[in-house]
Structure formats: C-alpha cells, structure tokens
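Structural features, examined
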Amino acid sequence: MNWETVIGLEIHVQLDTNSKIFSGASTAYGSEQNTSTSLIDLGYPGVLPVLNKDAVMMGIKFGLAIDAKISRRSIFARKNYFYPDLPKGYQISQYELPIVQSGKIEIELSDGTRKDIGITRAHLEEDAGKSIHDKFNSETAIDLNRAGTPLLEIVSEPDIRSAEEASSYMQKIHQLVRYLKISDGNMQEGSFRCDANVSVRPYGQKEFGTRAEVKNINSFRFVENAINFEVERQIDRLENGEEIIQETMTIIWTKADYYDPKVASPSTWIYTIANRQAINHFRRQRPFDSEDADRIVEEAPDTEMLAAEQAEQLWAKVRQLLTDAQYDALWFFYGEDRNLEQTA
C-alpha cells in the first residue's frame with residue numbers, strides 16, 4: 001500500500017521586545033537566575049497584566065508579511081495546566097480570536113518546486129520559565145527569567161507532505177521573522193522552536209489519520225529526522241495491523257555517562273526521541289550509574305571533536321543502557337549521521 005504523509009507545524013517565536021508581554025521586566029537573555037521577573041510574571045494576587053504594544057505590532061507585521069487577515073479584535077484566555085516553571089498555574093494565550101488568521105507562505109524545494117503552505121493562525125502568548133536539571137543533585141532548579149517573554153505561535157495548515165517540505169517551511173519562517181526584525185531566531189537560546197504533528201493515510205483517502213505530536217525541535221535537520229522516523233514508525237504499525245495512538249513525543253538531550261575534557265567540552269552528548277510517559281519511567285528507573293546521566297538540557301555542544309575510537313566506546317556503553325526501542329531511535333538520529341559502526 002502507498003502511504004501519504006500529512007504534517008502540520010507549530011512554530012514558537014520569541015519576540016524581540018525589550019520587556020515582557022504583560023510586565024515591564026527585562027527579556028535580556030543570560031541574566032542571573034530569577035532576576036528578570038516581576039510580581040505580574042509570578043502571578044501574585046491583585047496584580048494586573050498590561051499588554052506590550054510592541055508585541056502586538058510585531059504580530060501584526062508578521063501577519064501582513066504572510067498576506068493574512070489581521071483581527072480588529074482579539075481575545076486573551078487562560079490556558080490552565082500545572083508545570084513547576086509556570087508559577088500562575090495557567091498561561092495567558094489566544095484561542096478563539098487570534099491576532100493573525102488565514103495566511104500563507106511559499107516554500108521552494110531542492111528540485112526547484114514551489115508550493116504554498118497555508119497558515120491557520122498566529123497568536124500571541126507568554127512563555128513559561130525554565131527547569132534546570134543539572135544544577136543540584138536529585139533536585140530541579142527553576143529559573144523564571146523567561147516566564148512572560150512574548151511568543152508568537154505560528155500554526156500551519158496540514159499542507160506539508162514530506163520532511164523536506166517541513167524543513168523548508170521552518171527555514172522560510174525563520175528567515176522571515178529575522179528579516180522583519182521581530183525575533184533574533186536564536187535556536188540555541190530557545191528563541192525559535194517547533195512542534196510537528198505527523199500522521200499518515202493511504203493515498204486517495206480524504207480523512208486524516210491519527211496524529212502524533214513531536215515536540216521540542218530546535219534544528220532544521222532534526223525536524224527532518226524526527227518526521228522521517230515518526231512516519232516510518234506509523235507505517236510499520238499500520239502495516240502490521242496495529243493502531244496509531246494519539247500521543248506526544250519529545251526530543252530530549254541526555255548527558256552520557258562519559259567525559260574526556262581533551263575530546264569534548266563540557267561533555268559528550270547523545271540525543272534520542274521517546275514517548276513522554278516512557279521518559280518519565282526512564283527517569284524513575286535511573287538506569288545510569290553516573291549522577292549526571294539522566295539530566296535533560298536544552299542545547300548540546302558540537303560532537304564533531306569526538307575521536308572515532310572513543311565514540312565507539314561511548315556507543316557500546318550507551319547500547320547497554322537503552323531498551324531496543326530507545327536504541328533504534330537513537331541510532332536513527334546519531335549513528336546514521338556520524339557513520340558509526342552499529343555495535344548491537
């Protein structure tokens with residue numbers, strides 16, 4: 001059977017304002033933890049948020065650039081969920097009436113093909129804080145400097161049909177927000193990141209298949225790898241008579257139980273993709289020996305300096321620590337790129 005891939009992307013863009021979306025606290029990156037925040041960001045009783053005009057103007061500028069409808073009236077709402085670095089217990093976001101609706105952007109593929117990708121909406125919201133897992137042993141630190149930073153979430157139509165198209169679309173949005181000077185687009189600092197909704201269906205079928213969401217992607221190459229892996233996973237399940245479960249998948253960075261300061265600084269990193277529930281189970285089991293092993297971080301240094309023989313030693317050790325499913329995902333992302341010999 002021939003299968004068609006259906007993809008929609010949600011891109012989160014941190015807007016380049018001097019202050020936060022509902023308070024006067026600074027948005028400068030790299031400040032000492034919990035110094036760039038305010039009572040409004042922390043959700044203290046009696047405080048009143050005041051909307052940042054510059055954030056609104058940046059949202060409008062983006063909407064005009066993609067030939068979208070600009071809402072004369074938009075509404076903010078509370079999106080309630082619990083997370084340690086969301087001190088209010090809810091996120092202020094837009095739902096029913098976003099600031100930007102019904103736009104499009106043209107992408108160009110490697111063969112010269114051009115295609116329009118529809119953009120359903122772009123709405124304003126506030127970012128959450130940051131959980132830091134490698135500062136204290138067996139404890140997580142919370143940095144609220146990022147809480148309240150203005151975000152523009154850009155939601156595409158499910159018009160994307162391949163990993164290459166997804167990467168091209170993500171790059172085009174990245175170029176646009178930098179050109180408009182509404183964001184610095186710094187992926188390492190988290191200013192530009194993406195969630196991918198992926199499903200497959202038989203060619204010719206009008207109904208969408210069950211989708212899975214792959215979150216926390218901050219690289220053009222990673223979005224292609226993640227989508228290709230997820231498409232293969234879904235097709236394999238369907239062809240074996242299994243159902244696709246709607247779920248959220250997360251790309252995580254895991255610090256390996258290995259360190260040689262002469263080879264890599266500050267340490268050697270591997271990456272994998274896993275179901276969110278599996279990640280939590282993985283954390284509780286703590287299969288690594290090193291106290292550094294199970295700490296999740298948001299950016300990884302370059303691993304090109306890793307010598308071949310040391311890479312093989314690391315790979316063999318990592319293989320012993322992962323389940324077959326985790327290893328298969330890890331091999332797709334890491335081993336294929338680095339041309340390492342599979343040691344399983």
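Summarised in this report is the structure supplied together with it. Note that this is a predicted model, so its numbers are computed, not measured.

1. Comments concerning the layout of surface pockets
What the second largest pocket holds in volume is close to 510 Å³. Forming the walls of the second largest pocket are 26 residues, and the residues nearest its centre are Gln-14, Thr-27, Ala-28, Tyr-29 and Gly-30.

2. Considering the pattern of salt bridges
Throughout the structure, instances matching the rule amount to 14 salt bridges. Connected through salt bridges with shared partners, the residues Glu-4, Arg-161 and Arg-201 form a single ionic network.

3. Quick look at the packing of aromatic side chains
Inspection of every chain in the model, using the stated rule, returns one aromatic pair. The ring of Tyr-90 carries Arg-78 above its face, with NZ or CZ at 4.1 Å from the centroid. Stacked on the ring of Tyr-90, the Lys or Arg Lys-88 has its end atom at 5.6 Å from the ring centre.

4. Things to note about the pairing of strand β8 (residues 139–143)
Examined bridge by bridge, strand β7 (residues 130–136) and β8 share four bridges and lie antiparallel to one another. Opposite Ser-131, over in β8, you have Ile-142 as the bridge partner. Here β7 hands over to β8 after two residues, with Ser-138 in that stretch at a positive phi of 60°.

5. As for helix α4 (residues 220–239)
With 20 residues, α4 extends 29 Å from end C-alpha to end C-alpha; this agrees with the ideal 28 Å at 1.5 Å per step. Residues Phe-222, Val-223, Asn-225, Ala-226, Ile-227, Phe-229, Glu-230, Val-231, Gln-234 and Ile-235 constitute the buried set of α4. For α4, the capping residue at the N-terminal end is Ser-219, with a side-chain oxygen 3.2 Å from the backbone nitrogen of Arg-221. Gly-241 occupies a position one or two residues after α4 and carries a positive phi of about 80°.

Thresholds, definitions, all that
Residues numbered from 1 in each chain as written. Predicted model: local features only at pLDDT ≥ 70, side-chain atom pairs only at ≥ 80, totals over all residues. Heavy atoms only, no water. 1 Å grid on protein atoms, 1.4 Å probe; cavity = no way out; pocket = protein on both sides within 12 Å on 5 of 7 lines; lining within 4 Å. Points joined across faces, edges and corners; volume = space filled by probe spheres on them. Salt bridge = Lys/Arg side-chain N within 4 Å of Asp/Glu carboxyl O. Phe/Tyr/Trp six-rings, centres within 6.5 Å; stacked < 30°, edge-to-face > 60°. Lys NZ or Arg CZ within 6 Å of the ring centre and 35° of its normal. Pairing = 2+ DSSP bridges. Helix = DSSP H or I, 4+ residues; strand = E, 2+ residues; numbered from the N terminus. Expected span 1.5 Å × (residues − 1). Buried < 20%, exposed > 50% of the residue type's maximum accessible area, 1.4 Å probe, protein only. Polar contact = N/O pair within 3.5 Å; in protein donor to acceptor, adjacent residues only side chain to side chain.

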